[in-house]
Amino acid sequence: MTKRTSIPISETRIIPLDLLDLNSGQVEGLPANPRYLTERGLQNLKKSIKKNPELLALRELLVYPYADGRYIIIGGNSRYRALESLGYTEAPCKVISEGTNIETLKRYILIDNHGTGEWEVNILAEGW
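Here goes a summary of the coordinates provided. Because the structure is a prediction, the values reported are computed rather than measured. (Residues numbered from 1 in each chain as written. Predicted model: local features only at pLDDT ≥ 70, side-chain atom pairs only at ≥ 80, totals over all residues. Heavy atoms only, no water.)

## What to know about the overall build of the protein chain
Counting its regular elements, the protein chain contains five helices and seven strands. Sequence-ordered secondary structure for the protein chain, helices as α and strands as β, is β-β-β-α-α-β-β-α-β-α-β-α. Classification of the 128 residues of the protein chain by burial places 36% in the buried group. Considering only contacts within the protein chain whose residues lie at least 6 apart along the sequence, 79% involve residues at least 24 apart. On the protein chain, roughly 8,000 Å² of surface is accessible, and the fraction owed to carbon and sulfur atoms is 51%. (Helix = DSSP H or I, 4+ residues; strand = E, 2+ residues; numbered from the N terminus. Buried < 20%, exposed > 50% of the residue type's maximum accessible area, 1.4 Å probe, protein only. Contact = heavy atoms within 4.5 Å. Areas by Shrake-Rupley, 256 points an atom, 1.4 Å probe, with all protein chains shown as cover.)

## As for the environment of Lys94
Relative to the helices and strands, Lys94 resides in strand β6 (residues 90–96). Setting aside its immediate chain neighbours within four residues, Lys94 contacts Ser10, Glu11, Thr12, Glu60, Leu61, Leu62 and Val63. Polar contacts involving the side chain of Lys94 include one to the side chain of Thr12, which spans 2.9 Å. (Polar contact = N/O pair within 3.5 Å; in protein donor to acceptor, adjacent residues only side chain to side chain.)

## Let's talk about the side chain of Ser78
Looking at the secondary structure, you find Ser78 in helix α3 (residues 77–85). Classification of Ser78 as buried rests on a relative accessible area of 18%. In contact with Ser78, not counting residues within four places along its chain, are Leu37, Leu42 and Leu45.

## With respect to helix α1 (residues 39–51)
With 13 residues, α1 extends 18 Å from end C-alpha to end C-alpha; this agrees with the ideal 18 Å at 1.5 Å per step. Residues of α1 that are buried sit in contact with α2 (55–58) and α3. (Expected span 1.5 Å × (residues − 1).)

## So, the sheet that holds β6
With mixed pairing, five strands are arranged side by side in an open sheet as β1-β6-β4-β5-β2. Both edges of this open sheet fall to β1 (10–16) and β2 (20–21), since each of them pairs with a single strand only. Note: strand β4 (residues 61–67) against β6, three bridges, orientation parallel. Across the sheet, residue Leu61 finds its bridge partner in β6, namely Cys93. Where α3 meets the sheet, it contacts β2, β4, β5 (70–75) and β6, and its direction lies at approximately 120 degrees from that of β5. On the sheet, helix α4 (residues 102–112) packs against β4, β5 and β6 and is oriented at approximately 50 degrees with respect to β5. (Pairing = 2+ DSSP bridges. Axes fitted to C-alpha atoms, helices over the stretch in contact; angles between N-to-C directions.)

Structure follows, in structure tokens:
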């Protein structure tokens, strides 16, 4: 028997990088991203993207519409930085449905940040 669950609707789009903003706390109730990437981590990520650019379409940036056609990055801040550094002008993005509640967005951020980077312990303690 198949278990059915309610999955929020989202869509994949190619979005110009200049319409994407790093999560620095600009959405009310959603603290700044509690992770950071070391310079070494950034260099490794850039090498990975250069070697396997097709993975970007399989691991899109997670973005949420928040103001005047702009999107806040919920998942993929490090990939965004690497893409920008490599000279990309756009990225495949999974657009999270407008109206998704803040607690769900927070959960997505924590889940998405499990594998790379380092925790900003002070930010995590303050708002998470």
